[in-house]
Amino acid sequence: MPTRRLLVATAASAILPGVAARAQTDDRLPPIAVRRSEFTVSRQTIVARPDLPVPDDPDTLFYVQQAIDRNILVYAARRRPDGALDAARPVEVFWRRFNEDGRRRDLSFFERVFAFGISAEPAGQGRFRATLAAYREREATVDIGEDGKARALLRMGTRTVRVVYVYANVERGRFIPKVHHVDIHGIDLASGEAIRERVPISM
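Criteria and thresholds
Residues numbered from 1 in each chain as written. Predicted model: local features only at pLDDT ≥ 70, side-chain atom pairs only at ≥ 80, totals over all residues. Heavy atoms only, no water. Helix = DSSP H or I, 4+ residues; strand = E, 2+ residues; numbered from the N terminus. Buried < 20%, exposed > 50% of the residue type's maximum accessible area, 1.4 Å probe, protein only. Contact = heavy atoms within 4.5 Å. Areas by Shrake-Rupley, 256 points an atom, 1.4 Å probe, with all protein chains shown as cover. Phe/Tyr/Trp six-rings, centres within 6.5 Å; stacked < 30°, edge-to-face > 60°. Lys NZ or Arg CZ within 6 Å of the ring centre and 35° of its normal. Polar contact = N/O pair within 3.5 Å; in protein donor to acceptor, adjacent residues only side chain to side chain.

Undergrad: How should the overall build of the chain be read in this particular structure?
TA: A count of helical and extended segments in the chain gives 3 helices and 13 strands. For the chain, the proportion of its 203 residues judged to be buried stands at 45%. Long-range contacts, defined here as pairs at least 24 residues apart, represent 46% of the contacts in the chain between residues at least 6 apart. Carbon and sulfur atoms provide 49% of the accessible area of the chain, an area that totals close to 11100 Å².

If you want it as structure tokens, here you go:
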């Protein structure tokens, strides 16, 4: 699938049920451009939307909020009985449907394969290289920190950052959602500072 259509399909499947299948095959979709990231450093993690829920699932690596509704994507670590990451499937992804009663819902086939699913490969010493189905060009490291907590680490410029959450600034469109930007929030491992990487998107 061309990258342009994949990005639109990803946004659509996140926000509007039933639109993703149309986005996958529509050749008349608007062009998308991912522009240069912008970085903000602060003492505390910026709260994008205080009114949105925060999931409390065990071993949450990070979660994804978005502007249209209260449903949240959760990325969580899976462990073996001894506490190490499960080599067969170290990360699981699912919805918390806070628009309803907060129930868990697994990803659909399309969401898992083309948008939000995670691929993970062993990187040695109990670590895993992880990539998102919709954006395989960028790689994260999933491991267990010195505090015993699972974490997802991402390079932001010259910094190594533990990802806390992601916020997608999206608005409803007539056929597909329009994504304005995606904010990745995390903590710099070296300094303890809060970092926000804003990825502007033109559609």
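Undergrad: I'm lost on the packing of aromatic side chains in this one. Help?
TA: Aromatic ring pairs are reported here in terms of the distance separating the ring centres and the angle at which the planes meet. Taken as a whole, this structure holds 4 aromatic pairs when the rule is applied. Here tryptophan 95 and phenylalanine 116 contribute two aromatic rings whose centre-to-centre distance is 6.0 Å and whose plane-to-plane angle is 85°, an arrangement assigned as edge-to-face. Here tryptophan 95 is found in strand β5 (residues 91–97), whereas its partner phenylalanine 116 is found in the loop between α3 (109–115) and β7 (118–124), with 21 residues between them in sequence. No difference in accessibility class separates tryptophan 95 from phenylalanine 116, as the two residues are buried. For arginine 104, the ring lying beneath its charged end belongs to phenylalanine 94, and the centroid distance is 3.9 Å.

Undergrad: I tried to follow the environment of arginine 138 on my own but got confused; where do I start?
TA: Here arginine 138 lies in strand β9 (residues 135–144). Beyond its immediate stretch of four places on either side in the chain, arginine 138 contacts Ala130, Thr131, Leu154, Arg155, Met156, Ile184 and Glu197. Within the structure, the side chain of arginine 138 is placed 2.8 Å from the backbone oxygen of arginine 155, a separation counted as a polar contact.

Coordinates in, geometry out; function isn't part of it.
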